[in-house]
Amino acid sequence: QVQLVQSGGGLVQPGGSLRLSCVASGSVFSVNVMGWYRQTPGKQRELVATVTLGGNRNYGDSVKGRFTISRDLPKHTVYLQMNDLRPGGTAVYSCNAEGVWAAKSSQSNFWGQGTEVTVSS
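Read on for an overview of the structure. This structure is a prediction, so every number in the text was calculated from the model and none was measured.

1. Here's the deal with the nonpolar core
Across soluble globular proteins, nonpolar side chains show a tendency to be buried alongside one another. Counting 31 residues, the largest nonpolar core has W36, L80, M82 and Y93 as the members making the most contacts within it. Sorting the residues of this core by element identifies β3 (18-25), β4 (28-39), β5 (46-52), β7 (67-72), β8 (77-82), β9 (91-102) and β11 (115-119) as the ones contributing at least two each. Beyond its immediate sequence surroundings of up to four residues, L80 is in contact with L18, R19, L20, W36, V48, A49, F67, T68, I69 and Y93.

This is the structure:
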């Protein structure tokens with residue numbers, strides 16, 4: 001059974017940094033796109049960043065130049081390095097894996113459990 005397990009997150013002061021990690025486990029052969037989205041109460045989920053198998057990266061406008069997404073292909077892991085965090089970055093961050101090819105699984109899109117990031121002094 002495929003699962004996305006996230007780690008990282010927590011409380012950070014404005015201007016600080018955090019790193020999120022997400023690993024796709026469970027007999028995974030490959031994942032096409034891995035990425036991060038965030039959501040705050042009352043608002044729609046928004047794109048933070050995605051990265052494809054080929055290494056193409058896409059960032060939300062509000063994080064460009066401050067956040068960096070990377071992935072370890074053999075480990076089916078994606079990372080999000082968040083620098084110069086701002087109070088507007090407070091949200092629940094969720095990992096997404098799209099186009100998952102795994103043993104004994106017909107599902108191709110998965111979400112992590114979500115992790116809270118709070119930017120506050």
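On we go from here.
2. Topic: the sheet that holds strand β1 (residues 3-7)
Taken in spatial order, the 4 strands line up as β1-β3-β8-β7 in an open sheet, and their pairing is antiparallel. The open sheet has two edge strands, β1 and β7, and neither has a second partner. On average, each strand axis in the sheet is inclined to that of its neighbour by 15°, with strand direction left out of account. In terms of strand pairing, β7 meets β8 through 6 bridges, oriented antiparallel. From the neighbouring strand, R71 faces β8, where its bridge partner is V78.

Procedures and definitions
- Residues numbered from 1 in each chain as written.
- Predicted model: local features only at pLDDT ≥ 70, side-chain atom pairs only at ≥ 80, totals over all residues.
- Heavy atoms only, no water.
- Core = buried A, V, L, I, M, F, W, Y, C linked by side-chain atoms within 4.5 Å.
- Buried < 20%, exposed > 50% of the residue type's maximum accessible area, 1.4 Å probe, protein only.
- Helix = DSSP H or I, 4+ residues; strand = E, 2+ residues; numbered from the N terminus.
- Contact = heavy atoms within 4.5 Å.
- Pairing = 2+ DSSP bridges.
- Axes fitted to C-alpha atoms, helices over the stretch in contact; angles between N-to-C directions.

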